[in-house]
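What the coordinates show
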Amino acid sequence: MSTPETFIHRFEPATAPGLPPLLLLHGTGGDENDLLPLGHSVAPGAALLSPRGRTLEAGMPRFFRRLAEGVFDEDDLRRRTHELADFVEQARAEYGLPAPIALGFSNGANIAAAMLLLRPEALSGAVLLRAMSPFVKPPVAALTAKPVLIVSGSFDPIIPEENAARLAATLGGAGAAVEHRSLPTGHGLSQADLGLVRDWFAQRPALAA
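Residues numbered from 1 in each chain as written. Predicted model: local features only at pLDDT ≥ 70, side-chain atom pairs only at ≥ 80, totals over all residues. Heavy atoms only, no water.

**Let's talk about the environment of Leu 35**
Among the secondary structure elements, Leu 35 is positioned in the loop between strand 2 (22-25) and helix 1 (36-42). Each C-alpha atom, one on Leu 35 and one on Gly 104, is 8.4 Å from the other, the two residues being 69 residues apart in sequence. Those residues in contact with Leu 35 that sit more than four places away from it in its chain are Leu 24, Leu 25, His 26, Leu 103 and Phe 105. (Helix = DSSP H or I, 4+ residues; strand = E, 2+ residues; numbered from the N terminus. Contact = heavy atoms within 4.5 Å.)

**A short note on the pattern of salt bridges**
One pass over the full model with this rule turns up 17 salt bridges. Arg 79 is the partner of Asp 76 in a salt bridge, and the nearest nitrogen-oxygen pair spans 3.2 Å. A residue pair is termed a helical-turn pair when its members lie 3 or 4 positions apart in one helix, as Asp 76 and Arg 79 do in helix 2 (residues 74-95) at three residues. Of the residues examined, Arg 79 reaches a relative accessible area of 45% and is grouped as partly exposed. (Salt bridge = Lys/Arg side-chain N within 4 Å of Asp/Glu carboxyl O. Buried < 20%, exposed > 50% of the residue type's maximum accessible area, 1.4 Å probe, protein only.)

**Some details on the side chain of His 187**
Secondary-structure assignment places His 187 in the loop between strand 11 (177-183) and helix 5 (191-203). Given the relative accessible area of 17%, His 187 is considered buried. A distance of 2.9 Å separates polar atoms of two side chains, one belonging to His 187 and the other to Ser 106. Apart from the residues within four sequence positions on either side, His 187 is in contact with Phe 105, Ser 106, Arg 130, Asp 156, Pro 157, Ile 158 and Ile 159. (Polar contact = N/O pair within 3.5 Å; in protein donor to acceptor, adjacent residues only side chain to side chain.)

**Quick notes on the pairing of strand 10 (residues 147-153)**
Counting buried residues in strand 10 gives seven out of seven residues, a clear majority hidden from the surface. Note: strand 9 (residues 125-129) against strand 10, four bridges, orientation parallel. Within strand 10, the residue paired with Ala 126 across the bridge is Val 148. The pairing of strand 10 with strand 11 spans seven bridges and is classified as parallel. Residue pairing for strand 11: Pro 147 is matched across the bridge by Ala 177. (Pairing = 2+ DSSP bridges.)

Everything listed is a geometric property; what it means functionally is a separate question.
Right, here's the structure in full:
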């Protein structure tokens, strides 16, 4: 089983009581520092756990391999998802954390979606920014009432809105409380994304002021 040391990562303890921790999962070419400012902005005072993906593509960190753009190596995805979920389990024990809410962008959002389907006990919810369906044939999962926000870009050249809608349907069909929003933007994040995510966290009972 993995330990926190098997992933290069950043951990920032909570500075406000009662907030669920965030698991920050970067996109291709990012690292453990990329999403820390986003985490601070959308859930001030929450504990932040931010690992670096262990797969390299042309020298750029990712969380799992792909065969082509939009075509995933699903065997590697499954293995890496369990590896990451084991890391989360060990980090929770090491740092004394409840199950986190994943906040992932692009490749990080895709492995968070895979974790919801393969290891749902590892997460208490997820915010999936520019995510796509990680599996051609999704595994059966029980996600009863887990809150999930999916934010797509209507002009995203990488992820068709239909694909993100299929992911929303898969997670909703597994019982998750899914909100799928589409913004008039591309693959990159915008101020509108920030506002949507901040509002979503503010509406979660455990994050209410």
